[in-house]
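A look at the structure
Next come the chains, spelled out residue by residue.
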Amino acid sequence: MGVENPILPQKGKNNILVTSALPYVNNVPHLGNVVGSVLSADVYARFSKLRDRPTLYICGTDEYGTATETKALETGQTPKELCDEFHAKHKAVYDWFEIGFDHFGRTSTPKQTEIVQDIFWKLHSNGFLEERTTKQPYCEKHEAFLADRFVEGTCPKCQYDDARGDQCDKCGSLLDPFELINPRCKVDNATPVPRDTKHLFLSLDKLQPEVEAWFEKMHEKWSANGVAITKAWLKRGLEGRSITRDLKWGVPVPLDGFENKVFYVWFDACIGYPSITASYTDDWEKWWKNPEEVKLYQFLGKDNTQFHSIIFPASQIGTRQGWTMLHRLSTTEYLNYENGKFSKSRGIGVFGNQAEEIGISPSVWRYYLLSNRPETSDTQFEWNAFAQANNNELLANFGNFVNRVVKFVNAKLDGVIPEYSLEYKDETFDFSAWVANVNKLLGEYTDIMEGVHLREGARKILEISSEGNNLLQYRLDNTCLTEQPQRTYLVIGLALNLCKLLASICSPYMPSTAESICQQLNTTLGSIPDTWTPDTLKPGHKLNKATYLFSRIEDKKLAEWKEQFGGSAESRAAEAAAKKKKQEDKEREKERKKAKKAAKAAEAAKAAVNKVSEAVAGQKVVSEGADVAASEGKAVDEGSAAGGMSTASAEVTKDLPIRGKPQ
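Read on for a plain summary of the structure. Predicted model, so just to flag it, every value in this text is computed and none were measured.

1. Looking at empty space enclosed by the protein
Tallied over the entire structure, the rule returns one cavity of 30 Å³ or more. As a volume, the largest cavity reaches approximately 30 Å³. In terms of lining, the largest cavity is formed by R241, S242, I243, Y264, W266, F267 and I311. For the lining of the largest cavity, the secondary-structure elements that each account for two or more residues are β10 (241–242) and α7 (265–268). Residue composition of the lining of the largest cavity, grouped by class: five nonpolar, one polar and one charged.

2. Comments concerning the nonpolar core
F97, W365, F381, W383, F398, L496 and Y509 are the most contacted members of the largest nonpolar core, which totals 169 residues. What W365 contacts, discounting residues up to four positions off in sequence, is L31, W96, F97, V350, A355, I358, I360, F381, W383 and F386.

3. Concerning the pairing of strand β6 (residues 151–154)
Alignment of β6 against strand β8 (residues 181–185), held across three bridges, turns out to be antiparallel. Directly across from T154, in β8, lies its bridge partner I181.

4. Some details on helix α18 (residues 511–521)
Every buried residue of α18 is listed here: P511, T513, A514, I517, C518, Q520 and L521. On its buried face, α18 sits against α1 (31–50), α12 (362–371), α13 (383–412) and α17 (485–506). Of the residues one or two after α18, N522 is the one with positive phi, at around 60°.

5. Observations concerning the layout of surface pockets
Where empty space is left becomes clear once a probe the size of a water molecule has been rolled over the atoms. If you add up the space inside the second largest pocket, you get close to 730 Å³. Along the walls of the second largest pocket sit 26 residues, with D148, L175, D176, G240 and R241 positioned nearest its centre. At the level of secondary structure, the elements contributing two or more residues to the lining of the second largest pocket comprise β4 (129–139), β9 (193–202), α6 (224–236) and β10. A per-element tally of the lining of the second largest pocket places β4 first, with five residues. Broken down by class, the residue content of the lining of the second largest pocket amounts to ten nonpolar, six polar and ten charged.

Parameters and conventions
- Residue positions are given per chain, counted from 1 along the sequence in the order it is written.
- pLDDT decides what is reported in this predicted model: residues at 70 or higher carry local features, side-chain atom pairs at 80 or more are listed and counted, and totals for whole chains, interfaces and linings draw on all residues regardless.
- In computing side-chain properties, one takes all heavy atoms of the structure into account and sets aside hydrogens as well as water.
- Buried and open spaces are told apart on a 1 Å grid over the protein atoms alone, a cavity being a set of points where a 1.4 Å probe fits but cannot get out and a pocket being an open set with protein on both sides within 12 Å along at least five of seven lines. Residues with an atom within 4 Å of a point are the lining residues.
- Grid points are joined across faces, edges and corners, and a volume is the space filled by probe spheres set on the points.
- Elements are defined by DSSP. Helices are runs of H or I of four residues or more, strands are runs of E of two residues or more, and each kind is numbered from the N terminus.
- Each residue is assigned to one of three groups, with Ala, Val, Leu, Ile, Met, Phe, Trp, Tyr, Cys and Pro labelled nonpolar, Asp, Glu, Lys and Arg labelled charged, and all others, Gly among them, labelled polar.
- We define a nonpolar core as any set of buried Ala, Val, Leu, Ile, Met, Phe, Trp, Tyr and Cys residues linked to one another through side-chain atoms lying within 4.5 Å.
- For every residue, the accessible area (1.4 Å probe, protein chains only) is compared with the maximum for its type, and the residue is labelled buried under 20%, exposed over 50%, or partly exposed between those bounds.
- The criterion used for residue contact is that any of the two residues' heavy atoms lie within 4.5 Å.
- Strands were regarded as paired on the criterion that DSSP finds at least two bridges between them.

Dropping the structure here:
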């Protein structure tokens, strides 16, 4: 049972299905989590809707898996109670950030079980699953098998001391938990031991040719980091990947002999997208099994790439059904905090539930995060830059333009748009060229947004509002109104219509700001046009009162926030010490490897010299034996045998590298 009047794809239209990575349910998102997936997807979905396309934006909490079971164990809750709590927390954060999901669901639903098991049976019947007995980490302390990510230790590739059992977040290497140096159970720090257990594997190796063919066809529309990560996986060669786990909280495996197992969360998490859609509408297959009519856009952090670009597509392909598959992949790098990492335990960085307490409009947060979106490299959240974005860009440029013209018309013309003519000519300013330039910038904006370059799109909005300020410069004041009323009326008409256009193009980024502009203009939000004509707001239209869109952030507040969210002195000292230790450990390991390599080389050289010496000594012994034999008058046939030995020894010696002798 879905919602009434759901958004559905329309025949012949450019139907867009948007998803953002499902946030895991056992924590509160920080600013990097917000911009990396849900906010980025929201911007594109809003843009697509304002381009008059049938667009559906789906997301929800990812709720199954070991992490939930373990967290619930720590808090004394059932997994369901924990998921209920954190689902509500996530929803509250995203509501405050004005994320416009069409449906924000969850994966712990009957629909999830139904669709996951259906995909499983199709993969099973098509021969893409195999059973294996594997060794898995087992914690004897709390008597449970451990998922890979709940074994932590030192990465064997880069020596990062906080790597997980499935991958290293620092160097990106995929790992086996038994590869970790000094492995430890994340729950209780006990050392896990290997135990045999039976699991099902998805035969990615069998599906690789089809996955590669699909990837080659589609990846031109993907982010560069997403392409690179996927290529690296394919180049290494895909291998069977386990899709089951020894857990209780998850989708049950409906196969004899697997009654006490559930599906691995990263097999079924991506299936959450169609299952959440199925909770939204019974006609979910019109979105998810309609590849000819629907384009799928997915937004996520780069660390989730392979699950969306390989594992989920491979599962779709393996069912032999006509699934809607990934069209455009938008993956971000990491947003850090003031040259460090966000840390809830150390009180470092702003988390989603804290942003509201600061008292700054969601529009400012959204704009700054998106204008600083880590699209091609890591970026930093910095308080000084945050204040500059608000004060110098939003307030001084964008907000100043809108407020100035609306306030002027209310003060001088009783809030009524005067009669103006687009045919008016002026020697000091080419109004037609100005309109053409706005349209040029608008075309650039739409091209940028179609390419999902959201950071650049934010900058382009400011370029367009700057054109508004240029228009008003020396042309909107009491003197101009008195001495050149017709020109001033045209400036007002153009400026107010530009305000309406700005409301539309800024709405994906700053929806509440767009609403405020429309309220002041006494109009509704319009679509984003291909070509802008400055005549939507007609002469005689009555405006509402002007209100400020943004307020100045004072230096005093910046200092307070830096102190509040910079962690305690103890935590900062601990972080600095940890960084120093990590660097020292890295250097020590580097020296250890260097010494080990040198020792190995020396040992090999010594062994080679000994081997040569032994061969030469052997040759000498043989030669001396021949002399003795001759002197004692041995038989010729015995002397020939001795000579044969000597010759053989000489042949051996000839093949050995003797120091100082060219080979």
